[in-house]
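Coordinates in review
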Amino acid sequence: AVSAGGFHSLALTADGAVWSWGDGGFGELGHGDQHRQLQPKKVEALAGQHVIAVFSGRYHSFALTADGSVWSWGDGDYGKLGHGDLQNQLLPKKVEAFAGRRVIAVSAGEGHSFALTADGVVCAWGKGEYGRLGHGEDLLNKLLPKKIEDWVRE
């Protein structure tokens, strides 16, 4: 699997290893630094995790593991990493807001992120401007994943 972000790329190999390359200015490569990588480099911090999918946003990255856990790293602006703060993460960090839930898909946008759980719940977090999170009139940024409550039915 591969995922192209704004200025970086991720790949997941058959053996479950995550590789990243490109611009690392916000830690989105997951190597513990902010250096650029001109060739794919293995994300060692995810060794031992059974990663089944990778997702890259503009300056942030996600990994989904077989147990339904979500890991995020990179630019923390707007809370888009889902850790309850605005901090950049130079290494993959587990999104604890999903403890006890099994996530089956993730999507990373420019300033916001989404997850779909096995029981059909869609959560959104990060930059709320323009209603991009789907939380109705609440346009505030969300630092933690929040369930989208209402679906418009025509």
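Residues numbered from 1 in each chain as written. Predicted model: local features only at pLDDT ≥ 70, side-chain atom pairs only at ≥ 80, totals over all residues. Heavy atoms only, no water.

Describing the sheet that holds strand E4 (residues 37-42)
Strand order across the open sheet formed by four strands is E1-E2-E3-E4, with antiparallel pairing between neighbours. Where the open sheet ends on each side, the last strands, each with one partner, are strand E1 (2-4) and E4. Strand-to-strand twist in this sheet, taken as the mean axis angle between neighbours without regard to direction, amounts to 15°. When strand E2 (residues 8-12) meets strand E3 (residues 18-22), the two strands line up antiparallel, connected through five bridges. Looking across to E3, one finds that Leu10 is bridged to Ser20. (Pairing = 2+ DSSP bridges. Helix = DSSP H or I, 4+ residues; strand = E, 2+ residues; numbered from the N terminus. Axes fitted to C-alpha atoms, helices over the stretch in contact; angles between N-to-C directions.)

Overview of the packing of aromatic side chains
Counted according to the given criterion, the structure contains four aromatic pairs. Note on Phe26 and Tyr59: the rings are 4.6 Å apart at their centroids and 50° apart in plane angle, and the pair reads as tilted. Separated by 33 residues along the polypeptide, Phe26 in the loop between E3 and E4 and Tyr59 in the loop between strand E5 (51-56) and strand E6 (60-65) bring together distant segments of the chain. Its relative accessible area of 27% is what places Phe26 among the partly exposed residues. The class of Tyr59 is buried, set by a relative accessible area of 17%. Between Phe98 and Trp125, the aromatic rings sit 5.8 Å apart at their centres with planes inclined by 65°, giving edge-to-face as the arrangement. Here Phe98, found in the loop between strand E8 (89-94) and strand E9 (103-108), pairs with Trp125, found in strand E11 (residues 122-126); they are 27 residues apart in sequence, far enough to count as distant. Through a chain of ring-to-ring contacts, the aromatic side chains of Phe7, Phe26 and Tyr59 assemble into a single cluster. (Phe/Tyr/Trp six-rings, centres within 6.5 Å; stacked < 30°, edge-to-face > 60°. Buried < 20%, exposed > 50% of the residue type's maximum accessible area, 1.4 Å probe, protein only.)

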